[in-house]
Amino acid sequence: MSSQDAAELLAKKQNYLIDLDGVVYEGSSLITGAGEAVEFFRLSGKKIFFLTNNSAQHPKSLVKKLGKLGVSCAPQAVLSSGEAAALYVRKNRLDMPHGVFVIGSQEFRALLIESGIKISDDPTVCSALVAGMDLEFNYKTIILGLTALKRCVPFIACNRDANYPSDKGVLMPGCGALIAALETASMCRADHVIGKPSPLMLELALERLGASAANCLVFGDTLEADIAMATAAGVSSILIQPPGIKQVMCPAGVEPTARLASLKDAAELLEGISTCV
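Reading guide: rules and limits
- Residues numbered from 1 in each chain as written.
- Predicted model: local features only at pLDDT ≥ 70, side-chain atom pairs only at ≥ 80, totals over all residues.
- Heavy atoms only, no water.
- Helix = DSSP H or I, 4+ residues; strand = E, 2+ residues; numbered from the N terminus.
- Rg over C-alpha atoms; globule rule 2.2 N^0.38 Å.
- Buried < 20%, exposed > 50% of the residue type's maximum accessible area, 1.4 Å probe, protein only.
- Contact = heavy atoms within 4.5 Å.
- Areas by Shrake-Rupley, 256 points an atom, 1.4 Å probe, with all protein chains shown as cover.
- Lys, Arg positive; Asp, Glu negative; His and termini not counted.
- Charge placed at Lys NZ, Arg CZ, Asp CG, Glu CD.
- Axes fitted to C-alpha atoms, helices over the stretch in contact; angles between N-to-C directions.
- Parallel < 35°, antiparallel > 145°, perpendicular 65-115°, else oblique.
- Nonpolar A, V, L, I, M, F, W, Y, C, P; charged D, E, K, R; others polar.
- Salt bridge = Lys/Arg side-chain N within 4 Å of Asp/Glu carboxyl O.
- Core = buried A, V, L, I, M, F, W, Y, C linked by side-chain atoms within 4.5 Å.
- Pairing = 2+ DSSP bridges.
- Right-handed = clockwise from strand over helix to strand, strands pointing away.
- Phe/Tyr/Trp six-rings, centres within 6.5 Å; stacked < 30°, edge-to-face > 60°.
- Lys NZ or Arg CZ within 6 Å of the ring centre and 35° of its normal.

1. Details of the overall build of the chain
Helix and strand counts for the chain stand at 10 helices and 14 strands. A globule of 277 residues ought to have a C-alpha radius of gyration of about 19 Å, and the chain, at 19 Å, matches this closely. Taking the principal axes of its C-alpha atoms as reference, the chain extends roughly 65 × 35 × 35 Å. Across the 277 residues of the chain, 52% fall into the buried class. Long-range pairs, those at least 24 residues apart, make up 69% of the contacts in the chain with a sequence separation of at least 6. Carbon and sulfur atoms form 57% of the exposed surface of the chain, whose accessible area is close to 12,600 Å². For the chain, the distance from the average position of its 25 positive side-chain charges to the average position of its 28 negative side-chain charges is 5 Å.

2. Looking at the packing of helix 4 (residues 81-92) against helix 8 (residues 199-209)
Put simply, helix 4 and helix 8 touch, their axes get as near as 10 Å, and they point 85° apart. Here helix 8 runs roughly perpendicular to helix 4, going by the angle between their axes. Where helix 4 approaches helix 8, its residues Ser81, Glu83, Ala84, Leu87 and Tyr88 are matched on the opposing element by Leu200, Met201, Leu204 and Arg208. Of the residues in the contact of helix 4 with helix 8, the class split is six nonpolar, one polar and two charged.

3. A few points about the pattern of salt bridges
Once their charged atoms are close, side chains differing in charge can pair, the charge on each being opposite to the other. Taken as a whole, this structure holds nine salt bridges when the rule is applied. Measuring nitrogen to oxygen at the nearest pair gives 2.9 Å for the salt bridge that ties Lys196 to Asp19. Note that Lys196 is positioned in the loop between strand 11 (192-193) and helix 8 and Asp19 in strand 1 (residues 15-19), a separation of 177 residues in sequence. Exposure class is identical for Lys196 and Asp19. Each is buried. Here Lys196 and Asp226 are joined by a salt bridge, their closest N and O atoms 2.6 Å apart. Note that Lys196 is positioned in the loop between strand 11 and helix 8 and Asp226 in helix 9 (residues 223-233), a separation of 30 residues in sequence. Judged by its relative accessible area of 2%, Asp226 is buried.

4. Here we look at the nonpolar core
One broad trend across soluble globular proteins is that nonpolar side chains are buried collectively. The biggest cluster of nonpolar side chains holds 49 residues, and the ones touching the most others in it are Leu17, Phe49, Leu51, Val100, Phe155, Leu202 and Val218. For Val100, the residues in contact, after removing those within four places along its chain, are Val89, Leu94, Asp95, Ile117, Lys118, Ile119, Ser120, Cys126, Ala128 and Val130. With 36 residues, the next largest nonpolar core counts Tyr16, Leu20, Ile48 and Cys73 among its residues.

5. Some details on the pairing of strand 7 (residues 128-131)
Side chains of strand 7 alternate between two faces, with Ala128 and Val130 and Leu129 and Ala131 buried alike. Bridging between strand 6 (residues 100-103) and strand 7 involves four bridges; their strand directions are parallel. Looking at strand 7, one finds that Val102 is bridged to Val130. Assessed by its sense of winding, the connection that carries the chain from strand 6 through helix 5 (residues 106-114) to strand 7 is left-handed. Where strand 7 lies against strand 8 (residues 155-157), three bridges are found, and the strand directions are parallel. In the sheet register, Val130 faces strand 8, and the bridge partner there is Ile156.

6. Description of the packing of aromatic side chains
Here a ring pair, both rings aromatic, is described through the centre-centre distance and the interplanar angle of the planes. One pass over the structure, following the stated rule, counts three aromatic pairs. Taking 4.9 Å as the distance between ring centres and 80° as the angle between the ring planes, the aromatic pair formed by Tyr16 and Phe41 counts as edge-to-face. In this pair, Tyr16 is assigned in strand 1 and Phe41 in helix 2 (residues 34-43), connecting sequence segments 25 residues apart. Classification of Tyr16 as buried rests on a relative accessible area of 0%. Summarising the aromatic geometry, the rings of Tyr16 and Phe219 are spaced 5.0 Å apart at their centres and angled 55° between planes, so their arrangement reads as tilted. You can see Tyr16 sitting in strand 1 and its partner Phe219 sitting in strand 12 (residues 216-220), a full 203 residues away along the chain. Note on Phe219: relative accessible area 1%, which makes it buried. An aromatic cluster of at least three residues, connected via ring pairs, comprises Tyr16, Phe41 and Phe219. If you follow Lys65 out to its NZ or CZ, it ends over the ring of Tyr25, 3.8 Å from the centre.

7. Some details on the sheet that holds strand 6
Spatially, 6-7-8-11 is the arrangement adopted by the four strands of the open sheet, whose pairing is parallel. This sheet does not close on itself; its edge strands, each paired only once, are strand 6 and strand 11. Against the sheet, helix 5 makes contact with strand 6 and strand 7, and its axis sits at roughly 150° relative to strand 6, the strand it touches most. Sheet strands touched by helix 6 (residues 139-149): strand 6, strand 7 and strand 8. Its angle to strand 6, the strand with the most contacts, is close to 155°.

This is the structure in structure tokens:
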């Protein structure tokens, strides 16, 4: 796709669904030009919605983090895989009757409780296992998860992200590494993987936006998660791929509608076509 085609795509779509890690920020640092780009998108009449596989942080913490970086965001305009998992568990009452055993951060646990989900602190008496990112994950955690899964309870995973970018571009093990450890120990595959690339995340976002898939555009930095999700849902996408970044192999048929180096480049293209109109 040419720059002109990418610019026309940006102009045509009204709802921008933007990934956070690797697109807006890396670790605690805002990516150059990302904040200005988001603000320009808004001034151009675009609706901005953030989608992230980050399950460790409460959505309120993500909003606060964005605010500190100079990017304004309403609480209802961000959806994490943790919140999506909470919505899924609550909708399907997977916590009944004994509650869910939680592997994840304290903020994730608090989010589940706030969502009205019953919690069990005993893996021998629970109705499901829900697992998200946990920086304190260790051998004991695997034992607890194995204890629950050997009872054949439903296994809900927030996502399978292998890694994520931190400050200075250092890759950190992601939620997928934890899920793989639990699956290997128990010899049980997760029954439900909620986050990207599952189209469930996108469906929940569209519901909040009150928008159709045809009028949305996904921005993401990973083929295997962001772009695969958009492809599965039939939504146009832009792969944010800075020069020198090597992408992993992806399933056949997963291809972004366009590729750009940054949100800054996207804003410049949109500004260019807006000026010409």
